[in-house]
Amino acid sequence: MKRYFAGKLILAGLVMIAAAGPAFGSPSADLKAFQHYFNNRFPKVKTGDFVNGPYAVNAAARAQWKQIMQFPPYTFAVSDGKQLFHQKFANGKSYADCFAHGGVGIRQNYPYFDTSKERVITLEAAINNCRKANGEKPYPYKKGKIAEIAAYMAHTSRGKKFDIKIPDDPKAKAAYEAGKKFFYERRGQLNFSCASCHMYESGKHLRSQVLAPALGILASFPIYRSKWGALGTIDRRFIGCNKKVRSKPFKPQSKIYRDLEYFLTYMSNGLPVAGPGARP
Amino acid sequence: MSKLSLGLVAALLAVSGVSVAYASAKTEYQHAYQKASAEHHKALKLQNAWTTTGKTLKAANKAAAKGEYGHAKALAERAYKLADLAVGQAKAQRTAWHQEVPK
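Residues numbered from 1 in each chain as written. Chains lettered and ligands numbered in written order. Predicted model: local features only at pLDDT ≥ 70, side-chain atom pairs only at ≥ 80, totals over all residues. Heavy atoms only, no water.

### Describing the overall build of chain A
Here is step 1: Within chain A, the secondary structure is distributed over eleven helices and seven strands.
Here is step 2: Against the compact-globule benchmark of 19 Å for 280 residues, chain A has a radius of gyration of 20 Å, which places it among compact chains.
Here is step 3: Its C-alpha atoms give chain A principal-axis dimensions of about 75 × 50 × 35 Å.
Here is step 4: Counting only residues that meet the buried cut, chain A has 52% of its 280 residues in that class.
Here is step 5: The contacts in chain A between residues at least 6 apart in sequence include a share of 70% that link residues at least 24 apart.
Here is step 6: For chain A, the accessible surface area stands at approximately 13,800 Å², while carbon and sulfur atoms represent 58% of it.
Here is step 7: Of the charged side chains in chain A, 45 are positive and 18 negative, and the gap between their average positions amounts to 6 Å. (Helix = DSSP H or I, 4+ residues; strand = E, 2+ residues; numbered from the N terminus. Rg over C-alpha atoms; globule rule 2.2 N^0.38 Å. Buried < 20%, exposed > 50% of the residue type's maximum accessible area, 1.4 Å probe, protein only. Contact = heavy atoms within 4.5 Å. Areas by Shrake-Rupley, 256 points an atom, 1.4 Å probe, with all protein chains shown as cover. Lys, Arg positive; Asp, Glu negative; His and termini not counted. Charge placed at Lys NZ, Arg CZ, Asp CG, Glu CD.)

### Observations regarding the overall build of chain B
Here is step 1: Per the secondary structure count, chain B includes three helices and zero strands.
Here is step 2: Along its sequence from the N terminus, chain B presents helices and strands in the succession α-α-α.
Here is step 3: Counting every position in chain B, which comprises 103 residues, the buried fraction comes to 35%.
Here is step 4: Considering only intrachain contacts with a sequence separation of at least 6, the fraction spanning at least 24 residues in chain B is 70%.

### Some remarks on the domain arrangement of chain A
Residue and element names in this part refer to chain A.
Here is step 1: As assigned here, chain A comprises domain 1 (23-72 + 167-279) and domain 2 (75-155).
Here is step 2: Centre-to-centre separation of domain 1 and domain 2, based on C-alpha positions: 22 Å.
Here is step 3: Listed as interface residues are 26 residues of domain 1 and, on the opposing side, 26 residues of domain 2.
Here is step 4: Summing both sides of the interface, domain 1 and domain 2 together bury roughly 2,200 Å²; the carbon and sulfur share of this comes to 65%.
Here is step 5: Per-residue buried area on domain 1 facing domain 2 is highest for Leu 231, Gln 253 and Arg 258; these three make up 23% of the total on that side. (Domains from an automatic or database assignment. Buried area = accessible area lost by both parts, 1.4 Å probe.)

### Remarks on the confidence of the model for chain A
Here is step 1: Overall, the prediction assigns chain A a mean pLDDT of 92, with 91% of residues at 70 or greater.
Here is step 2: Between residues 9-23 of chain A, whose pLDDT stays under 50, and residues either more than four places distant or in other chains, the model counts eleven contacts. (pLDDT = per-residue confidence, 0-100.)

### Thoughts on unusual backbone geometry
Here is step 1: Cis rather than trans, the peptide bond between Tyr 110 of chain A and Pro 111 of chain A has omega equal to 0°.
Here is step 2: Position of Pro 111 of chain A relative to the elements: it lies in the loop between α5 (75-86) and β1 (112-114).
Here is step 3: For the peptide bond that leads from Phe 221 of chain A to Pro 222 of chain A, omega is -5°, which places it in the cis range.
Here is step 4: Structurally, the position occupied by Pro 222 of chain A is in the loop between β4 (209-210) and β5 (223-225).
Here is step 5: Although it is not a glycine, Arg 246 of chain A adopts a positive phi angle of roughly 65°.
Here is step 6: With respect to the helices and strands, Arg 246 of chain A occurs in the loop between α10 (234-244) and α11 (255-266).
Here is step 7: Using a relative accessible area of 36% as the deciding quantity, one classes Arg 246 of chain A as partly exposed.
Here is step 8: Although it is not a glycine, Gln 47 of chain B sits at a positive phi angle of roughly 60°.
Here is step 9: Here Gln 47 of chain B shows up in the loop between α1 (3-45) and α2 (51-65).
Here is step 10: Taking relative accessible area as the criterion, Gln 47 of chain B reaches 41% and is therefore assigned partly exposed.

Structure below.
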């Protein structure tokens with residue numbers, strides 16, 4: 001009898017696991033499937049090249065981009081960011097005191113899950129946390145000085161490979177899963193998910209623009225967009241994407257956007273930092 | 001009763017009829033707006049509100065402020081439909097998103 005019930009329990013467990021399917025795969029299995037999808041979709045593109053977004057998958061756009069990159073439009077922003085980064089706070093300290101390795105060459109480790117604060121910390125949040133800890137006012141998150149500082153920090157990390165960790169902590173896993181769900185769920189009046197455009201239609205045209213593959217999509221942030229005429233952060237981009245599908249966007253650095261960034265950057269593990277980038 | 005008195009009575013009845021209809025249109029609009037607003041809040045709570053719902057609710061409010069209650073009510077009803085679809089989408093996506101994950 002006991003055996004019978006034990007057998008039933010095991011069977012029920014197996015059914016539950018099967019029903020959960022790939023959506024509840026481990027982060028490492030997700031990463032493998034995610035990168036495999038893009039390698040199959042674009043067999044001629046080297047994995048590391050996906051950080052160049054639409055330019056990795058469209059020859060015409062790439063040719064144009066190469067010309068633009070002779071004089072990268074973000075150059076002044078990086079230089080301003082460097083100046084801001086090294087400027088002392090009123091208390092005599094600086095950003096370098098808040099970050100590992102003085103804040104140089106560390107972009108590849110962001111975002112990370114802070115187990116003591118039980119939340120995802122993005123690079124921009126860390127910059128503002130540093131400001132607040134030193135008695136300075138935080139910067140607005142979408143553009144401006146925060147984007148310039150992040151651009152400088154990304155620039156010092158170019159080529160280093162993303163190494164986002166999911167600690168063995170249920171809250172970290174929940175944050176990862178929340179980001180993953182947000183990425184795949186359809187939303188807005190147009191009924192699109194992030195994946196609709198950036199996975200299943202990636203490389204195709206949306207009017208005049210080539211849809212960037214989701215693999216490596218955050219590796220070039222912050223980005224200078226010709227449309228913006230300035231640098232913008234990941235928050236700015238997420239908000240823009242949500243609005244485009246007529247979904248009410250969330251506030252910059254809201255939990256859902258931080259979790260989404262966590263999932264999406266984890267999916268780019270092993271790819272090099274390429275920020276700041278230039279996009280149409 | 002003189003013709004003048006009859007005319008006055010008829011005019012008074014007509015005016016009161018119009019004002020009753022006007023008040024009723026206002027109430028109907030208010031009811032439709034509250035219903036739409038409540039549904040929009042449901043969508044917001046589910047983190048799945050649509051921008052179009054908010055815009056339509058604002059337009060309804062604006063029309064009502066001008067006293068165009070018929071138009072305002074139609075907009076509020078449209079806002080309700082949008083909010084209701086957003087709530088339905090959020091509920092469906094609780095499991096449907098799994099299908100989008102690459103295997």
